[in-house]
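# Overview (structure and organization)
Residue-level listing of the chains:
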Amino acid sequence: MHKIDFIDSHTGGEPTRVITGGFPDLGTGTLAERRARFRDEYDHWRRAVAREPRGSDTMVGALLLPPENRQACTGVIYFNNVGYLGMCGHGTIGVVRTLQQLGRIQLGRHLLETPVGELYVEVHSDGRVAIENVESYRYATGVVLDVPGHGQVCGDVAWGGNWFFISHDRPCELTLTHQRELTAYTEAIRAALVEAQVTGADGAEIDHIEITGPALPGDDADARNFVLCPGMAYDRSPCGTGTSAKMACMAAAGSLAPGQVWRQAGILGSVFEGQYRRGVRGVLPRITGTAFVTAQGQLLIDENDPLTWGIDAT
């Protein structure tokens, strides 16, 4: 019986499961190299943590690892029910809140290592966490797709730590009551991207679809979004990397100035606050949100259980 120590949290409604102990040793090297070792040799452990019956389609896992840079508070590899993420905004806020819960960090600014680069985070006295995300940029604009059942959909391709297709075209109001319709719509867009061979830089798969619209009455925000994640579940939070990618598009279009505060609500109405500094290629986003710890315990991995390595829905 293997035992994996974990702490669960949610950021704006989106869960994060931080693995704090009991995981197989991934050895040394860069986080990108250790992520590759994770994927190639221990992927069944990812499935056991993130998939049912222990996890869910919405669960994002975060494996804490010793950082290469001794000035960093931790290294972290993000994963979900279908694979691995370069970066995760809501997950980073959850990781920081978890490190604070464990007493490993205090208020103030800290360095964090991810497979796509180092970033700074800041813990505020009111419980909010700010992340200074990796440089984000608009890669393509005015991309038109023929989406079966929905006609033409226009949007931008942008990097915010993950690859996004971002569109203002929407079939309905961005409310939770329409989540099934919005999920089907964004799944169709993702399929159309594959059919049209639209990719990010160097042929990278665009695995996040973001639909944006105006804030709704009662939102303490400037806009609202709906984001389809790689596992085909919708993001309950406003999506940190999606907010970064959206700000990169707004900056490129001249509709958001450096330092200007922009508040984005997600499908639940929870809000991320964003602003940016200019970067070399795009923008350097700062995303602020709040996470809450919800559980702490051990996952039990019994190799005699035929479903111990997760349910495969494919």
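In what follows, the structure referred to is the one given above.
Let me sum up the structure you'll find in this document. Remember, it's a predicted structure, so these values are computed and weren't measured experimentally. (Residues numbered from 1 in each chain as written. Predicted model: local features only at pLDDT ≥ 70, side-chain atom pairs only at ≥ 80, totals over all residues. Heavy atoms only, no water.)

### Some points on the environment of Asp220
Note the following rule: Each helix corresponds to a stretch of at least 4 residues labelled H or I by DSSP, and each strand to a stretch of at least 2 residues labelled E; elements are numbered beginning at the N terminus. Exposure classes here rest on a 1.4 Å probe applied to the protein chains alone. A residue is buried below 20% of its type maximum, exposed above 50%, and partly exposed in between. Here a residue-residue contact requires only that any non-hydrogen atoms of the pair lie within 4.5 Å.
Position of Asp220 relative to the elements: it lies in the loop between strand 12 (208-214) and strand 13 (223-228). Since its relative accessible area comes to 53%, Asp220 is described here as exposed. When the C-alpha atoms of Asp220 and Arg263 are compared, they prove to be 7.6 Å apart, with 43 residues separating the residues in sequence. Setting aside chain neighbours within four positions, we find Asp220 in contact with Arg263 and Val271.

### Re the pattern of salt bridges
Put simply, the test is: In the sections that follow, a salt bridge refers to a side-chain nitrogen of Lys or Arg positioned within 4 Å of a carboxyl oxygen of Asp or Glu.
Applying the stated criterion to the full structure yields 13 salt bridges. Here Arg46 ties to Asp43 by a salt bridge, and the two come within 2.7 Å at their closest N and O atoms. Highlighted residues: Arg46 and Asp43, both in helix 2 (residues 43-50), separated by three residues, approximately one helical turn. Accessibility expressed as a relative area gives 3% for Arg46, which makes it buried. Judged by relative accessible area, Asp43 falls into the buried class, the value being 17%. A salt bridge links Arg263 to Asp220, with the shortest nitrogen-to-oxygen separation between them at 3.1 Å. In this pair, Arg263 is assigned in strand 14 (residues 262-265) and Asp220 in the loop between strand 12 and strand 13, connecting sequence segments 43 residues apart. Shared partners join several salt bridges into a network, and the residues in it are Arg109, Glu122, Glu132 and Arg286.

### Considering the packing of helix 1 (residues 31-41) against helix 2
Definition in use: Angles here are taken between N-to-C directions and fall from 0 to 180 degrees, while the axes themselves are lines fitted to C-alpha atoms, restricted in helices to the stretch in contact. In these notes the angle categories are as follows: under 35 degrees is roughly parallel, over 145 is roughly antiparallel, 65 to 115 is roughly perpendicular, and the rest is oblique.
Axis separation between helix 1 and helix 2 bottoms out at 5 Å; the angle between their running directions is 85°. As judged from the angle between their axes, helix 1 and helix 2 are roughly perpendicular. Residues Phe38, Arg39 and Glu41 of helix 1 form the contact with helix 2, whose own contacting residues are Asp43, His44 and Arg46.

### Points about the layout of surface pockets
Here is the rule: Grid points spaced at 1 Å and placed over the protein atoms alone form the basis of the search, with a cavity being a set where a 1.4 Å probe fits but cannot get out and a pocket an open set showing protein on both sides within 12 Å along at least five of seven lines. Lining residues have an atom within 4 Å of a point. Grid points are joined across faces, edges and corners, and a volume is the space filled by probe spheres set on the points. Any residue outside Ala, Val, Leu, Ile, Met, Phe, Trp, Tyr, Cys, Pro, Asp, Glu, Lys and Arg is labelled polar, Gly included; the first ten of those are nonpolar and the last four are charged.
Taken as a whole, the largest pocket spans an internal volume of roughly 240 Å³. Surrounding the largest pocket, twelve residues form its lining, Arg51, Asp57, Asn81, Val82 and Ala313 being those nearest its centre. Of the residues that constitute the lining of the largest pocket, the class distribution is three nonpolar, four polar and five charged. Of the volumes computed, that of the second largest pocket is approximately 170 Å³. Mapped by element, the contributors of at least two residues to the lining of the second largest pocket are strand 7 (117-123), strand 15 (271-278) and strand 16 (283-289).

### Describing helix 3 (residues 89-101)
Inclusion rule: The span expected for a helix works out to 1.5 Å for each residue beyond the first.
For helix 3, spanning 13 residues, the distance from its first C-alpha to its last is 19 Å, which sits close to the expected 18 Å at 1.5 Å a residue. Residues Gly89, His90, Gly91, Thr92, Ile93, Gly94, Val95, Val96, Thr98 and Leu99 constitute the buried set of helix 3. A positive backbone phi angle near 80° is found at Gly103, which sits one or two residues after helix 3.

### Examining empty space enclosed by the protein
Scanning the entire structure with this criterion turns up one cavity of 30 Å³ or more. Lining the largest cavity are 22 residues, and of these Val60, Leu85, His208, Cys229 and Asp235 lie nearest its centre. Residue assignment for the lining of the largest cavity shows that the elements contributing at least two residues are helix 3 and helix 5 (240-253). Broken down by class, the residue content of the lining of the largest cavity amounts to nine nonpolar, ten polar and three charged.

None of the figures reported here should be taken as evidence of function without further support.
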